[in-house]
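Secondary and tertiary structure notes
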Amino acid sequence: MKKLFLSITTLAMVIFLSLGCVTKQVWTDKVRADPYQERIISFYNNPKEGKIIFIGEKYHYIFDKGAKEFSEFIEAKKRLNLKEKHLEIYASTDRFQKEKVLVHLGFTFKKDNLTQEQKSWLEQHNKELIKIPNPIEKNPNDNRPVVYEPNQTQIESYIVNYQLSGKRYKATPQVNSQVVKLKNPINIEVIEYRTEKKSMLYKIAMTPLSVTADAGLVIIGAGAAVIFLPIALIGMEYQAITK
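Bear in mind the structure is a predicted one, so any value in this text is a computation, not a measurement.

Counting residues in hydrophobic clusters, the biggest one holds 35 residues, and the most contacted among them are Phe 54, Tyr 61, Phe 70, Phe 73, Leu 105, Phe 107 and Phe 109. If we skip the residues at most four places from it in the chain, Phe 54 touches Ile 40, Ser 42, Phe 43, Tyr 59, His 60, Tyr 61, Phe 63, Leu 105 and Leu 164. Among the nonpolar cores identified, the runner-up in size contains 16 residues, and Ile 53, Tyr 169, Val 175 and Phe 228 belong to it.

Turning to helix H3 (residues 67-74), its buried residues are Ala 67, Phe 70, Ser 71, Phe 73 and Ile 74. Taken down its axis, H3 places every buried residue within 160 degrees of arc, on the same side.

A few words now on the pattern of salt bridges. By the definition in use, this model includes 5 salt bridges. In this structure, the salt-bridge partner of Glu 117 is Arg 79, at a minimum N-O distance of 3.6 Å. Here Glu 117 is found in helix H5 (residues 116-124), whereas its partner Arg 79 is found in helix H4 (residues 77-80), with 38 residues between them in sequence. The class for Glu 117 is exposed, based on a relative accessible area of 52%. For Glu 192, the salt bridge identified is with Arg 168, shortest N-O distance 2.6 Å. Of the two residues, Glu 192 is situated in strand E8 (residues 186-195) and Arg 168 in strand E7 (residues 154-170); the sequence distance between them amounts to 24 residues.

In this section: the confidence of the model for the protein. In this model, the protein carries a mean pLDDT of 77, and residues with pLDDT of at least 70 account for 69%. Confidence, expressed as mean pLDDT per element, reaches its minimum in the protein at helix H7 (residues 238-241) with 36 and its maximum at strand E3 (residues 59-65) with 95. This stretch, residues 1-27, has a pLDDT under 50; its non-local contacts, to residues over four places away or in other chains, come to 12 contacts. Note on residues 234-243: pLDDT under 50 across the span, and 18 contacts to partners over four residues away in sequence or across chains.

Assignment of secondary structure puts Thr 207 in the loop between E8 and strand E9 (209-211). Judged by its relative accessible area of 10%, Thr 207 is buried. A polar atom in the side chain of Thr 207 sits 3.2 Å from the backbone nitrogen of Leu 209. Not counting the four nearest positions on each side in its chain, Thr 207 is found in contact with His 60, Tyr 169, Lys 170 and Thr 172.

For strand E2 (residues 51-56), the buried fraction is high: 5 of the 6 residues fall into the buried class. Alignment of strand E1 (residues 31-46) against E2, held across 6 bridges, turns out to be antiparallel. Counted as the bridge partner of Ile 40 is Gly 56 from E2. The hairpin turn running from E1 into E2, its antiparallel successor, is 4 residues long, and Gly 50 in that turn takes a positive phi close to 70 degrees.

Listed in full, the buried residues belonging to H5 are Gln 118, Lys 119, Trp 121 and Leu 122. Down the axis of H5, the buried set is contained in an arc of 160 degrees. They therefore lie on one face. With respect to the buried face of H5, the exposed residues turned more than 90 degrees away are Gln 116, Glu 117 and Gln 124. In this fold, the buried residues of H5 make contact with H3, H4, strand E5 (100-110) and E7. Where H5 terminates, the next one or two residues include Asn 126, which has phi positive at roughly 60 degrees.

Now for the packing of aromatic side chains. All chains considered together, the criterion is met by 11 aromatic pairs. With centroids separated by 6.2 Å and ring planes inclined at 25 degrees, the aromatic side chains of Phe 70 and Phe 107 adopt a geometry described as stacked. Of this pair, Phe 70 sits in helix H3 while Phe 107 is found in strand E5, placing the two residues 37 residues apart along the sequence. Through successive ring pairs, a cluster of aromatic residues spans Phe 70, Phe 73, Phe 107, Phe 109, Trp 121 and Tyr 162.

Another point: the pairing of E1. Alignment of E1 against E8, held across 10 bridges, turns out to be antiparallel. Directly across from Arg 39, in E8, lies its bridge partner Asn 187.

Calculation rules
Residues numbered from 1 in each chain as written. Predicted model: local features only at pLDDT ≥ 70, side-chain atom pairs only at ≥ 80, totals over all residues. Heavy atoms only, no water. Core = buried A, V, L, I, M, F, W, Y, C linked by side-chain atoms within 4.5 Å. Buried < 20%, exposed > 50% of the residue type's maximum accessible area, 1.4 Å probe, protein only. Contact = heavy atoms within 4.5 Å. Helix = DSSP H or I, 4+ residues; strand = E, 2+ residues; numbered from the N terminus. Arc of directions from axis to C-beta. Salt bridge = Lys/Arg side-chain N within 4 Å of Asp/Glu carboxyl O. pLDDT = per-residue confidence, 0-100. Polar contact = N/O pair within 3.5 Å; in protein donor to acceptor, adjacent residues only side chain to side chain. Pairing = 2+ DSSP bridges. Phe/Tyr/Trp six-rings, centres within 6.5 Å; stacked < 30°, edge-to-face > 60°.

Okay, here's the thing in structure tokens:
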């Protein structure tokens, strides 16, 4: 009976491990975190399709999950007087699928600095009002976590959080040189999870993006043309947001 049990167990393990390469790699590959620095030079948006694109110097990041909600928030950026100082970004790749990327975007608005119209918009959209300590120093440009002092005076602030997920692609100079650029690029750190063994599954594809004559972006090879417009152009003058 014991031999039979061992035989069945061994057979089950063989079948389980033969289901696919990814399953095998979960068992055999060691994963390590290896951060890299990215410089975001442009944002593009397609509210209808529910997709957002971050144009980085190294990669292009195309987000679909969570992008619709974030797109609605971005459309209100003029009303909220949205600035880089409100933003914190944390990004990482998927542990076992290198092309997948996850991003957390957090925005903090001090209640005392808002107009009644801004407060009403945030409350109508169920944004959370909490008390947080006043930071010792402002959030630095490299988006490291803000430093707080214990038992310091607390300030009422609205906290807005979004989680995006999608895929990244290798950037090309042809696209990056033609996109509408942010006046102030945003530097972020991306935590990249690497495995010791190389795999075809982990190769990152070249960007599928192409720039149109009017500075829009098009996904090459899409069944129906998916066109993205630069977020920075919404409610702003062209010259104000380009270099």
